[in-house]
Amino acid sequence: MLDDQQKACLSKLPKATLINFVADVQGMDKLLDKKIERLLLQSDKPKLIKKLTSTLKGLRRRRKSLNFWEYSNFVTELHYLIDDVMSLYPEQAQACLELLELFIDSTESTFERIDDSNGDVGDIYQNLTSLWLQVATKCYEQELQAAGIDEQDIVRHAWMEKVKSIACDNDYGTKDHILRGVDQLFTSIEIQGLIEDYKYDYQTLLNDAFSDFFNGSKPSFDEQNNANSIHKKYLETALTDLAWALGDIDVFEEMYLYLNTHRVFSLYEFKIFITFMLERDAYHTALRYLTKDWQDSHHVPETERLHWLNRVYAQQNNVALQLDVLDLLQKS
């Protein structure tokens, strides 16, 4: 990667020198050739869009497995594709969004072809989700502005369904927190609407399971619950992420209590809960859940409780209590 000084030196070179250099290196490396081709297309956006559309559809159709030696080049290729797609934003936001969605559609075929032990490809596809939210925000604003007053509710509903559709197809975990970021896209009222949609689906799932059990159509409620456990977990994660996106402390606490009415918090869920409260300076709420009595009834390890207390007191700049906690940690 060139630093700023090196880039400044390049900018002083005659244009003919740079053109001749690019011409000389063409044909030496396949990935570089593709980058040069796309660079040449920057002056012709319709051709660039056509080329990227073809490439991304091809990416979705690829089936050949990649070996260890091909992995690095493939990661570089994906980075190039992202750069080229995002070069259309913000001037051609709609085209950029459609290309990002084609890119996202290749998730399954890509992960079936590689061993992503390094996590580089996973990071790229997670980044696509963030980029999608960024570009979608502009497209959504443009659609609302272009719609008549009586059509805006239709536009809102269509976009909410679009987000739900993208979020539910997440077998590889690359969209884990797309709903957590929807505050970029939707107003608090729209997020509340999404929460109500997911709560309805969640309650329906629970009611159907109980109904099947009591009507005797299933061997046991536990077996039915296990059959629906993946969808149930998805809905719980969606509700938690939407409450996070809303950013309301009371709603987030209410959601956690709603989802944990008949069970104790897992340590993972507890960490999410306390992290949310600390990020919003809700120390009083966090401390209520870090008391010894509450911890005992919810099986949170004592060392975990003390570590969280240490963070709370550090953020409150409460040195005396922090020292007490550190002393307990040292003895534990």
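How each quantity is defined
- Residues numbered from 1 in each chain as written.
- Predicted model: local features only at pLDDT ≥ 70, side-chain atom pairs only at ≥ 80, totals over all residues.
- Heavy atoms only, no water.
- Helix = DSSP H or I, 4+ residues; strand = E, 2+ residues; numbered from the N terminus.
- Contact = heavy atoms within 4.5 Å.
- Salt bridge = Lys/Arg side-chain N within 4 Å of Asp/Glu carboxyl O.
- Buried < 20%, exposed > 50% of the residue type's maximum accessible area, 1.4 Å probe, protein only.
- Phe/Tyr/Trp six-rings, centres within 6.5 Å; stacked < 30°, edge-to-face > 60°.
- Lys NZ or Arg CZ within 6 Å of the ring centre and 35° of its normal.

With that out of the way, let us pick up the side chain of threonine 129. Counting through the fold element by element, threonine 129 comes out in helix H8 (residues 120–146). Once you skip the residues sitting within four places of it in the chain, threonine 129 turns out to touch Thr174, Lys175 and Ile178.

It is worth spelling out the pattern of salt bridges at this point. In this structure the tally under the stated criterion is 16 salt bridges. One salt bridge connects glutamate 302 with arginine 305, and the closest N-O pair in it is separated by 3.1 Å. Taken as a pair, glutamate 302 and arginine 305 lie in helix H17 (residues 302–316) at a separation of three residues, close to a single helical turn. Residue glutamate 302 is classed as partly exposed on the basis of its relative accessible area of 28%. On the accessibility criterion, arginine 305 (9% relative accessible area) is buried. Among the ionic contacts, a cluster of salt bridges with common partners joins Asp153, Arg156 and Glu190.

Going through the model one piece at a time under the given rule, you end up with 16 aromatic pairs. Each ring, one from tryptophan 132 and one from tryptophan 159, has its centre 6.2 Å from the other, and the planes form 45 degrees; the classification is tilted. Taken together, the residues span a long stretch of sequence, with tryptophan 132 in helix H8 and tryptophan 159 in helix H9 (residues 152–168) at a distance of 27 residues. Each member of the pair, tryptophan 132 as well as tryptophan 159, carries the same accessibility label: buried. Here tyrosine 140 and phenylalanine 186 contribute two aromatic rings whose centre-to-centre distance is 5.5 Å and whose plane-to-plane angle is 85 degrees, an arrangement assigned as edge-to-face. Linking tyrosine 140 in helix H8 with phenylalanine 186 in the loop between H9 and helix H10 (188–214), this pair joins segments that are 46 residues apart in sequence. Exposure remark for tyrosine 140: the relative accessible area of 3% places this residue in the buried category. For phenylalanine 186, a relative accessible area of 5% translates into the label buried. Put simply, the rings of Trp244, Phe252, Tyr256, Phe273, Phe276 and Tyr289 pair up and form one aromatic cluster. When the ring centre of phenylalanine 74 is taken as origin, the NZ or CZ atom of arginine 113, which lies over that ring, is 5.4 Å away. One residue, lysine 162, lies across the ring of tryptophan 159, its end atom 5.7 Å from the ring centre.

On their own, these measurements won't tell you what the molecule is for.
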